[in-house]
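Here's the letter readout for the chains.
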Amino acid sequence: MSEIDRESVRAEVRAWLEANWDPTLSLIAWRNRLIDSGWGAPSWPKAWHGRDLPAAVESVVAEEMRRIGAVSVARSGVRGLATATLLAHGSDLQKAKFLRRALSGEDNWCQLFSEPGSGSDLAGALSRADLKDDRWIVNGQKVWTTSAHHADWGLLLARTDFDAPKHEGLSYFILDMHQAGVEVRPLKQMNGHASFNQVFFTDAVVPPEHLVGRLGEGWAVATTTLMHERRGADGLAAAGGKAAERQGPIHDEERAENAIAMEPYRWYPQRAGRVDLILERAKATGKIADPVVRQEIAKLLTLAKSAEWTARRARAAQAQGRAPGPEGSLGKLAASHVARSAAHVHTLITGADAMLAGEDAPMDGLITEILLSVPAGSIAGGTDEIQRNIIAERVLRMPKEPRSDNDRPFRDVPRNQV
Amino acid sequence: MQFAFTPEQSEFRAVLRRFLAEHSPTSAVRKLMETEAGWDREGWRALNAQLGLTGVHIPEEYGGQGFSFVELGIVLEEMGRALLCAPYFATTVLAATAILNAATEAEKGELLPPIALGDTIATLAFTEPNGRWDLGGIGMTATPLGSGRFQLDGEKSFVLDGHTADLIVVAARRPGSEGEEGLSLFSVAGNAPGLTRRALKVIDPTRKQARLTFDGVEARMLGEEGAAAGPLTLTLTQAAACLANEMVGGAERLRESALDYANLRVQFGRPIASFQAMKHKQADMLLEVQLAMSAAYAAASAATEDDPELTAIASLAKAGASEAYVSTAKHTIQIHGGIGFTWDNDTQLWFRRAVSSGLFLGDPAWHRELMLRGWGV
Ligand SMILES: Cc1cc2nc3c(=O)[nH]c(=O)nc-3n(C[C@H](O)[C@H](O)[C@H](O)COP(=O)(O)OP(=O)(O)OC[C@H]3O[C@@H](n4cnc5c(N)ncnc54)[C@H](O)[C@@H]3O)c2cc1C
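Residues numbered from 1 in each chain as written. Chains lettered and ligands numbered in written order. Predicted model: local features only at pLDDT ≥ 70, side-chain atom pairs only at ≥ 80, totals over all residues. Heavy atoms only, no water.

### Quick look at helix α9 (residues 310-336) of chain B
Residue and element names in this part refer to chain B. End to end, α9 covers 38 Å across 27 residues, agreeing with the expected 39 Å (1.5 Å per residue, within 8%). Burial of α9 is extensive: 21 of the 27 residues sit out of reach of the surface. Immediately beyond the C-terminal end of α9, within one or two residues, lies Gly 337, with a positive phi of roughly 65°. (Helix = DSSP H or I, 4+ residues; strand = E, 2+ residues; numbered from the N terminus. Expected span 1.5 Å × (residues − 1). Buried < 20%, exposed > 50% of the residue type's maximum accessible area, 1.4 Å probe, protein only.)

This is the structure in structure tokens:
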């Protein structure tokens, strides 16, 4: 996108905001006005709350919103994955029902993919959906479901045919989380938080119009969700923004919304390693003068900067109109390396105090939380090993390993004894 | 240097492993780590009544078993494996060794037998809130009160089991002295007037630490006034060798658990252990742990033989074991996938111990430096 286009978009959105931003409105009233204008999601199609503009304008619009202090559409949590998936595969009815409410913040979402027996091998899902009396009846269990305890709707991958090969027997549904057949139980993590859950289905009901894509084509739909998840890495951090400092009822409303929606993600910045704290901590502890520590800090910053620029290159390519592709997997693997390296450097800087926790530890336990959270990054959203396989097989086009799990009816494939 | 265990030592290990499997399953570890003390008298008594473990390397004349650092290393490796919650490292490795190295015959005769019997829980208060592991980091002052008595003022931190110990061996310095000069060791009762003890919140709840504030605490000197630098350095060196052995025990246990899990877990229709990426990871883990283990054994052997290279070898082992333990713990979480990141999965308990032990007595960079200095580099 050329500079001229960017500047004309900037002028247009600025004029619109100056005429329309109204902090006296309720949060929902303002967001609906924003959504109606198309500036809430400018890269979306005109038919669906957008302006058909290239993705690169999103940052221009965000800058203008920040400048004037306007509240943005809701972004936190899994709703971005839901909307991206529905835009690509949803029916008009689904788009009409869910897109606006995702942007307005009225609906929260969760991702019901992983199961006790299938995580890396998501296509091995055992949760089943059976059509009875024109409704889908869902039974089974999901696990590690982030935010399930706050979610109104779930993106569900379930098996609709046990006789088809594994990838062909899956379908993708939108599941209402507020129903008797859905039970959510929190799971405590090694860092003490409980942001993910077990989710049990006992004859949970999905109406037929909530099947996304075609029956038996759930894997292709899930792949779209995963591509967005892996390329998004930590877009979550963006939510909330500067809202903390702003005064007025609409900002209070937004803060209240974020307090709930962002609760499961409080530790996510720590999971990424908090490279932003490294220099400050090195100065505070005096370790900045230690030549050994300096070298390690320098290595970390080299890695972090290079990873950031790689992500920028990927985003710039996307802005030129390339569809999300497997190259997004480089960013996730790079982020794992950055996080691990940051945890190592934090340990080096903190020294004996890194044996402490809670209020006895530096920064009220924040450093401890980094050390205990970083291991999640190389597991969540597809493990490092799976990212490497994707990079090798899809980006580098190296031959796939011979497989014996997708050439036979799924019911005959060896699986975990659970 | 001893490169193989004797049949007796191997038998000793086997007995220990069975005992700890029975007495320290992770259910017991999880129960104790939630308590403020972090250990219980009953378990401690069993340890000593049945196996006499607290006196393993204490000479028989002081009521101990009279074994060497090799046997002590075996005990620690097995305890690290079982993640035993007990004040063993504090009492036997730190306090008893310090007393053995620094105290007079009469003091040893008085202080060591109750430790060897398991009646006295002891610890060494050496490090201060500055977190330094070199002698120059000691700021606590010992002011003479006459007739061999002293008054201690200052603060100690990261003291293993410091809030529950009956006897605390304290390193302090003559007012006005610096570096390795003017250092002495003292003994202080856990309930001495003027001593305030506070359990610290720690990343590894299976081994507690405390902060001790000394406000005019009366103390008895151990050994010779102003001559503690040598014995204290030796104690820390021997302790580093011991900790290395404890760490490789934990690392090996994790490595085995990761392998077991990989063999069990099926993804893509086959055990994840059948993926070459997983095999390579497991092979690298084995290599890393075995290298660390060899160094830890070498250090225990060097401590036993008073090897002139002991300081270098002990620090080499400590640095190697620290990195191997943390790295094995990370791999073990990774190999477990989502389950590995949960509170209920036991891997996290060893992960916490790995992080903490990697820093206790000094981090790998510090020990690599000590190793080079030990070799005169
Ligand atoms: C913090 C967090 C949040 C999460 N949130 C969600 C969520 O909201 N929704 C959701 O559906 N899921 C979520 N997950 C689940 C996550 O996606 C899975 O944990 C992950 O995909 C791994 O699956 P698994 O746990 O079953 O491990 P497994 O798949 O059993 O993997 C075990 C080990 O085997 C390795 N392995 C597997 N296959 C191969 C192979 N072919 N080659 C080499 N090695 C292999 C893995 O890399 C790993 O090391 C979350 C996980 C975490 C940690």
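Next, the rest of the story.
### Some remarks on the pattern of salt bridges
If you walk through the whole model with that rule in mind, you get 49 salt bridges over all chains. A salt bridge links Asp 36 of chain A to Arg 100 of chain A; its shortest N-O distance comes to 2.5 Å. With a gap of 64 residues between them, Asp 36 of chain A in helix α2 (residues 27-37) and Arg 100 of chain A in helix α5 (residues 92-104) connect regions that are remote in the sequence. Measuring nitrogen to oxygen at the nearest pair gives 2.8 Å for the salt bridge that ties Lys 201 of chain B to Glu 359 of chain A. You can see Lys 201 of chain B sitting in the loop between β6 (195-199) and β7 (209-222) and its partner Glu 359 of chain A sitting in the loop between α11 (328-350) and α12 (366-377), one on each of two chains. Shared partners join several salt bridges into a network, and the residues in it are Glu 7, Arg 10, Arg 14, Glu 18, Glu 63, Glu 64 and Arg 67 of chain A. (Salt bridge = Lys/Arg side-chain N within 4 Å of Asp/Glu carboxyl O.)

### Comments concerning the site of the ligand
Contacts to the ligand come from 29 residues, most closely from Ser 120, Trp 144 and Thr 383 of chain A together with Arg 265 and Gln 334 of chain B. The environment around the ligand is built from residues contributed by chains A and B. At a separation of 2.9 Å, a nitrogen atom of the ligand approaches a polar backbone atom of Trp 144 of chain A. Interatomic distance of 2.7 Å between a backbone N/O atom of Gly 338 of chain B and an oxygen atom of the ligand. Computed on the free molecule, the ligand has an accessible area of 970 Å², of which 96% lies beneath the protein chains in the complex. Tallying contributions element by element places helix α13 (residues 384-395) of chain A first for the shell around the ligand, with three residues. Class assignment of the residues belonging to the shell around the ligand gives a composition of 13 nonpolar, 14 polar and two charged. (Near = heavy atom within 4 Å. Polar contact = N/O pair within 3.5 Å; in protein donor to acceptor, adjacent residues only side chain to side chain. Areas by Shrake-Rupley, 256 points an atom, 1.4 Å probe, with all protein chains shown as cover. Nonpolar A, V, L, I, M, F, W, Y, C, P; charged D, E, K, R; others polar.)

### A short note on empty space enclosed by the protein
Within the structure shown, the criterion is met by five cavities of 30 Å³ or more. In this structure, the largest cavity spans a volume of roughly 130 Å³. In this structure, the largest cavity is lined by 17 residues; those nearest its centre are Gly 117, Asp 121, Gly 124, Arg 415 and Asn 416 of chain A. Approximately 110 Å³ is the volume found for the second largest cavity. Looking at the second largest cavity, it is lined by 17 residues, and the ones nearest its centre are Leu 84, Ala 86, Arg 207, Glu 246 and Arg 353 of chain B. Put simply, the parts of the chain that give the lining of the second largest cavity at least two residues each are α4 (69-82) and α5 (88-102) of chain B. (1 Å grid on protein atoms, 1.4 Å probe; cavity = no way out; pocket = protein on both sides within 12 Å on 5 of 7 lines; lining within 4 Å. Points joined across faces, edges and corners; volume = space filled by probe spheres on them.)

### Things to note about the environment of Ala 312 of chain B
Residues and elements named next belong to chain B. By secondary structure assignment, the location of Ala 312 is in helix α9. With relative accessibility at 0%, the residue Ala 312 sits in the buried group. Along the primary structure Ala 312 and Ala 302 are separated by ten residues, whereas in three dimensions their C-alpha atoms are 9.9 Å apart. Sequence-distant contacts of Ala 312, that is, excluding residues within four places in its chain, are made with Met 371, Gly 374 and Trp 375. (Contact = heavy atoms within 4.5 Å.)

### Things to note about the domain arrangement of chain A
Domain annotation for chain A reports domain 1 (3-75 + 236-261), domain 2 (105-231) and domain 3 (267-382). Inter-centroid distance (C-alpha atoms) of domain 1 of chain A to domain 3 of chain A is 29 Å. (Domains from an automatic or database assignment.)

### Remarks on the pairing of strand β5 (residues 170-176) of chain A
Side chains on a regular strand alternate between the two faces of the sheet. All names here are of chain A. Judged by how many residues are buried, β5 sits mostly within the fold: six of seven residues are covered. As paired strands, strand β4 (residues 153-159) and β5 are joined by seven bridges and run antiparallel to one another. When the bridges of β5 are listed, Gly 154 appears paired with Leu 175. Inspection of the sheet shows β5 paired to strand β8 (residues 211-212) by two bridges, in the antiparallel sense. By the bridge assignment, Tyr 172 is partnered in β8 with Val 212. (Pairing = 2+ DSSP bridges.)

### Some points on the domain arrangement of chain B
Residues and elements named next belong to chain B. Splitting chain B by domain gives domain 1 (7-120), domain 2 (123-226) and domain 3 (230-374). Between domain 1 and domain 2, the C-alpha centre-to-centre distance is 22 Å. Contact with domain 1, which involves 28 residues of that partner, is made by 20 residues of domain 2. Of the roughly 1,900 Å² buried where domain 1 meets domain 2, counting both sides, 65% is carbon and sulfur surface. When the shortest N-O distance is used, the salt bridge between Glu 110 and Arg 220 registers 3.0 Å. (Buried area = accessible area lost by both parts, 1.4 Å probe.)

### Quick word on the interface of chain A and chain B
Each partner contributes to the interface: chain A provides 48 residues, whereas chain B provides 39 residues. Across the chain A to chain B interface the summed buried area is about 3,600 Å²; carbon plus sulfur atoms make up 63%. Three residues, Met 190, Met 355 and Ile 379 of chain A, lead the burial of chain A against chain B; their summed loss comes to 21% of the area buried on that side. Counting across the interface, chain A meets chain B through four salt bridges. In this structure, the salt-bridge partner of Asp 360 of chain A is Arg 198 of chain B, at a minimum N-O distance of 3.0 Å. Viewed at the interface, chain B and chain A are joined by 19 residue pairs in polar contact (both at pLDDT 80 or more). If you list the elements that add at least two residues to the side of chain A that touches chain B, you get α11, α12 and α13 of chain A. Top element by residues in the side of chain A that touches chain B is α12 of chain A. It accounts for six residues.

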